[in-house]
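# Report on the structure
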Amino acid sequence: MLTAATLLIPRMRVSRQTSLNLFCLLWLLLLLKAASSSPLLRGNDPPPSSLPSGLYKGHTCIGCVLVVSVIEQLAQWHNSTVKAATERLCSYIPEKLQGFCYILAELYGPHIAELIDREMNADVVCHSLKLCKQDPGQPLCHLYSPPKVGLSTAIRKARRIVKTSKDLKNFMGFSSVCAFPLLANLCEKIKYPDNWDEERDSNCNGIWGVDPKDGIPYEEKFCKGADSQGVVLLGDSAGAHFHIPPEWMTVSQMSVKSFANLPVAFTNELDWPQFSEITGFLNSTIGGWTDSLYLRLRNRNRCNHRDLQNISKNGGSSGNLLHLIKSLARNQLLDNPATVIYATIGNDVCNGNNDTLASMTTPKEMLSNVMQALRYLDTRLPNGSHVILTGLVDGRFLWDNLHDRYHPLGQLNRDITYSQLYSFLDCLQVSPCRGWMTPNETLRNLTSERALQLSNVLKEIARSEKFANFDIFYMDFPLRQTAEKWHRMGGEPWQLIEPVDGFHPSQIAAALGTSITWQKALQEWPQVLGKENPFNDQIEAIFKDQGGH
Ligand code: CA
C-alpha cells in the first residue's frame, strides 16, 4: 500500500492482476487510510517495505468498523436479516473479488450477525472480534457514541457471546503483507521525435508521417519551434488525487454499480491521477468534472499530447520527494522542456504522531529539502523549463467546514460526524493530520502557522534563487479563491473536501484549482504556458484524438 506510488502516465495499466489476499481485502475494502501517512515517511528515509504494526492495527480496526457498519445499515435499510445483508453486500462486489467477500462472510458473518442482532454497534463488534485492539494505557477507540452501559461493559458482554460461539482463532492469524503493483508506463517513450517521426510516432504525441502534398513530415511542419513542453507533478496524495468513493458506504443507494470501480481503485492505491488537477486526462467518473493543467497545455498546443508525468505518492512531503524525484523521465539534452509543479500541500505539517508539532518539518529543513530537489531538477530538466512551487494549504478549512456535518457512513442514522471520525482516527493513531483534524483550536492554529512559515520558505526560494535550466515561480495554494469561485457557482465549502476521508481536496476543488492556476499563469507568467500552436486545427483534422491516452 505504501510503497512508492510513482504514477507514470500517459497510460496506466490497470489490468494487471493484483494478488489481494484474504485480509488485504477486508483491510482495503474500507480503508480509511487518509493516505497522507506522513508518519510513515519522514525526512530522507526510503519508503519502508512494510507497515508498522500500529498502523496496520489501526487500519484493520477502521476496515472492520466500516464493513460492519455497512452490513448493519444494509439490514436496516432493506429490513432484512444481517445474513441477507451480508450476502447482499457480497453480491454487489465485482465478480473477481466476490470470492473473498463470501469467504469473509463465512468466517466472520455468524458472529457479526449474532452481535448486531443484540444491538451491539460496529465498535463493540470489532473490539469483541479483536479486530480493534486497545493498547495498554490507551483509551478504547470508537467511532460511534458509546452505548449506554459503557463501551467496556458492552465489549465484555460481546466477548462472552463470541466465546460461546464457534472458535475464531484460526481466522485471526493473518500476518501477510499486501503488495500492490505500481502504475506502469505503457508508452516507453522518448519525447524527442526520431527523424521527425516520418515512420512512426516515436514521441507518442499522436503526430507522425509525411504530408503527401509537399513531402514534409507532419511532426516537423506542426511541432518544430512550437514551444512544446511537458507537465510534471511532484506531489502528494492530493496531487495523485486520493479518493474513496462514498457510494461504497452509502447503503441507501448501494448497488452493483457502486462497486464497479473497486478493482481499479485498489490497483491504483485509491489514487485517481487520471482525473487530477495537474495530470487529469479522462472525464471524471468520481463526481465533479476534470480540468487539468495538462489538458489545457494540450489544447493550447496539440504537440504536447501525452507529455505528462505524475510523480506523486500518498504521504509525499518535501523530504521523501527527494527519493521519488529520481523517477523523473526526462532527457535533458533531447527532450522538450517541462513545467514542473512542486506541490506537497500538507504532509510537512501533517502527521499522526503523538507530538505532532515536534514532528513537523522545520523551515530550515524545508529550505534544505526543496533546494536539494531543485538542484537535482537543474541537472535533469531541459533548458527552458519552468518550476512552480505551490504553498501549503491552510487546513483549518477542514474543521471549520466539516466538524458538525455527518460523514457518509453516519448519514442514514445521523450518528457519525466528522468530529467523531477525526477523534476515532486520532485515537487509533492513524490520523493523517493530527494538527488539523482535531477539536483543539490552538493546535489547529499552530499547525497553520507552521504551514505558513513553510510556504514562506518556498516563496523566498522563488524570489531569490536562480537556476541554469529553469525559471521558478511561487503561488499560494488557491484554497480561498477556489472557495470563492465555488460559492459564486452556488456551491457549499464542504463540497470541496473529500467526503470519506474528510481531508483531501475533492474532484470539484481540483478542477476549480486548475482554472485558478491557469488564469494566474496567463496573467503573470505567460511564458510558462508556451505559445498557442497555430496548427492545432490541422493537427486535430488529420490525427483526430491523436490516439487517446
Ligand atoms: Ca510524434
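Coordinates for the structure precede this section.
Let me begin by describing the structure that accompanies this report. (Residues numbered from 1 in each chain as written. Predicted model: local features only at pLDDT ≥ 70, side-chain atom pairs only at ≥ 80, totals over all residues. Heavy atoms only, no water.)

## A look at the overall build of the protein chain
In terms of regular secondary structure, the protein chain is built from 19 helices and five strands. Expressed as a percentage of the 549 residues in the protein chain, the buried residues total 58%. In the protein chain, the proportion of contacts linking residues at least 24 apart, taken out of those at least 6 apart, comes to 75%. Taken as a whole, the protein chain presents about 22500 Å² of accessible surface, with 52% of it coming from carbon and sulfur. (Helix = DSSP H or I, 4+ residues; strand = E, 2+ residues; numbered from the N terminus. Buried < 20%, exposed > 50% of the residue type's maximum accessible area, 1.4 Å probe, protein only. Contact = heavy atoms within 4.5 Å. Areas by Shrake-Rupley, 256 points an atom, 1.4 Å probe, with all protein chains shown as cover.)

## Things to note about the coordination of the calcium ion
Looking at the calcium ion, the protein donor atoms are D197 (OD), D201 (OD), N203 (OD1), N205 (OD1), I207 (O) and E219 (OE), and they sit 2.1 to 2.4 Å from it. Classification of the site at the calcium ion as octahedral follows from its six donor atoms and the range of 81 to 171° in their angles at the metal. Sequence positions of the donors to the calcium ion reduce to the motif D-x3-D-x1-N-x1-N-x1-I-x11-E. Highlighted residues: N203 in the loop between α6 (151-164) and α7 (218-223) and E219 in helix α7, separated in sequence by 16 residues. Like E219, N203 is buried. (Donors = N, O, S within 2.8 Å, 3.2 Å for Na, K, Ca; no water. Tetrahedral: all angles 85-135°; square planar, octahedral: opposite > 155°, others 65-115°.)

## Structural notes on the pairing of strand β2 (residues 308-312)
Burial runs high along β2: five of the five residues are buried. Burial along β2 is two-sided: L308, N310 and S312 and Q309 and I311, pointing in opposite directions, are all buried. Pairing of strand β1 (residues 230-235) with β2, which is carried by five bridges, proceeds in the parallel orientation. The residue bridging V231 from the neighbouring strand is L308, located in β2. (Pairing = 2+ DSSP bridges.)

## Looking at unusual backbone geometry
For N79, which is not glycine, the phi dihedral falls at a positive 50°. By the element assignment, N79 lies in the loop between α2 (53-77) and α3 (82-92). A positive phi angle, near 55°, is found at K544, a position not held by glycine. Tracing the backbone shows K544 in the segment after α19 (536-543).

## Here's the deal with the packing of aromatic side chains
A full pass over the atoms with the stated rule returns 11 aromatic pairs. Ring geometry for W289 and W486: centres 6.5 Å apart, planes at 40°, overall tilted. Taken as a pair, W289 in the loop between α9 (262-267) and α10 (293-300) and W486 in helix α17 (residues 479-488) lie far apart in primary sequence, 197 residues in all. For W486, a relative accessible area of 11% puts it in the buried group. (Phe/Tyr/Trp six-rings, centres within 6.5 Å; stacked < 30°, edge-to-face > 60°.)

## Regarding empty space enclosed by the protein
Counting across every chain of the model gives seven cavities of 30 Å³ or more. Its volume calculated, the largest cavity comes out at about 290 Å³. Lining the largest cavity are 26 residues, with I345, V393, F503, H504 and P505 sitting closest to its centre. Elements with a contribution of two residues or more to the lining of the largest cavity: α8 (237-240), α14 (396-402), α17 and α18 (507-524). Looking at the lining of the largest cavity residue by residue, the classes come out as 15 nonpolar, eight polar and three charged. Its boundaries defined by the atoms lining it, the second largest cavity holds a volume of some 240 Å³. What lines the second largest cavity is a set of 19 residues, among which E277, I278, A343, I345 and F477 lie closest to the centre. Where the lining of the second largest cavity is concerned, the elements lending two or more residues are α8, β3 (338-343), β4 (385-390) and α18. Split by residue class, the lining of the second largest cavity holds 12 nonpolar, five polar and two charged. (1 Å grid on protein atoms, 1.4 Å probe; cavity = no way out; pocket = protein on both sides within 12 Å on 5 of 7 lines; lining within 4 Å. Points joined across faces, edges and corners; volume = space filled by probe spheres on them. Nonpolar A, V, L, I, M, F, W, Y, C, P; charged D, E, K, R; others polar.)

## Quick word on a positive patch on the surface
Residues K130, K133, R159 and K163 make up a contiguous surface patch of positive charge. Mapped onto the fold, K130 is located in the loop between α5 (122-128) and α6. (Patch = residues over 30% accessible without salt bridge, like charges linked within 9 Å, V, L, I, M, F, W, Y side chains within 5 Å. Salt bridge = Lys/Arg side-chain N within 4 Å of Asp/Glu carboxyl O. Lys, Arg positive; Asp, Glu negative; His and termini not counted. Charge placed at Lys NZ, Arg CZ, Asp CG, Glu CD.)

## A look at the nonpolar core
Where a protein is soluble and globular, its nonpolar side chains tend to be buried together. Judged by nonpolar contacts, the single largest core of 140 residues is most densely connected at V65, L374, L377, V387, L389 and I472. Mapped onto the domain boundaries, this core takes at least three residues apiece from domain 1 (4-161) and domain 2 (180-189 + 196-241 + 276-395 + 433-543). Setting aside anything within four residues of it in sequence, one finds I472 in contact with L374, V387, L389, I461, A462, E465 and F467. Core analysis: the second largest hydrophobic core is formed by eight residues, I207, Y218, C223 and C303 among them. (Core = buried A, V, L, I, M, F, W, Y, C linked by side-chain atoms within 4.5 Å. Domains from an automatic or database assignment.)

## Some points on the environment of S506
Along the chain, S506 turns up in the loop between α17 and α18. Relative accessible area serves as the criterion here: at 5%, S506 is assigned to the buried category. Sequence separation between S506 and Q495 is 11 residues; the distance between their C-alpha atoms is 7.1 Å. Discounting residues that sit within four places of it in the chain, S506 has contacts with H241, Q495, L496, I497 and E498.

## Comments concerning α17
Within α17, burial applies to L479, T482 and W486. The arc that holds every buried residue of α17, seen down its axis, measures 60°, which confines them to one face. For α17, the exposed residues lying more than 90 degrees away from the buried face are R480, H487 and R488. (Arc of directions from axis to C-beta.)

## Thoughts on the sheet that holds β2
Here five strands make up an open sheet; going across it, the order is β2-β1-β3-β4-β5 and the pairing parallel. Each edge of the open sheet is held by one strand with a lone partner, namely β2 and β5 (470-475). Ignoring which end each strand starts from, the neighbouring axes of this sheet average 15° apart. Sheet topology note: the β1/β3 ladder contains six bridges and is parallel. Note that in β3 the partner of G230 across the bridge is A338. (Axes fitted to C-alpha atoms, helices over the stretch in contact; angles between N-to-C directions.)

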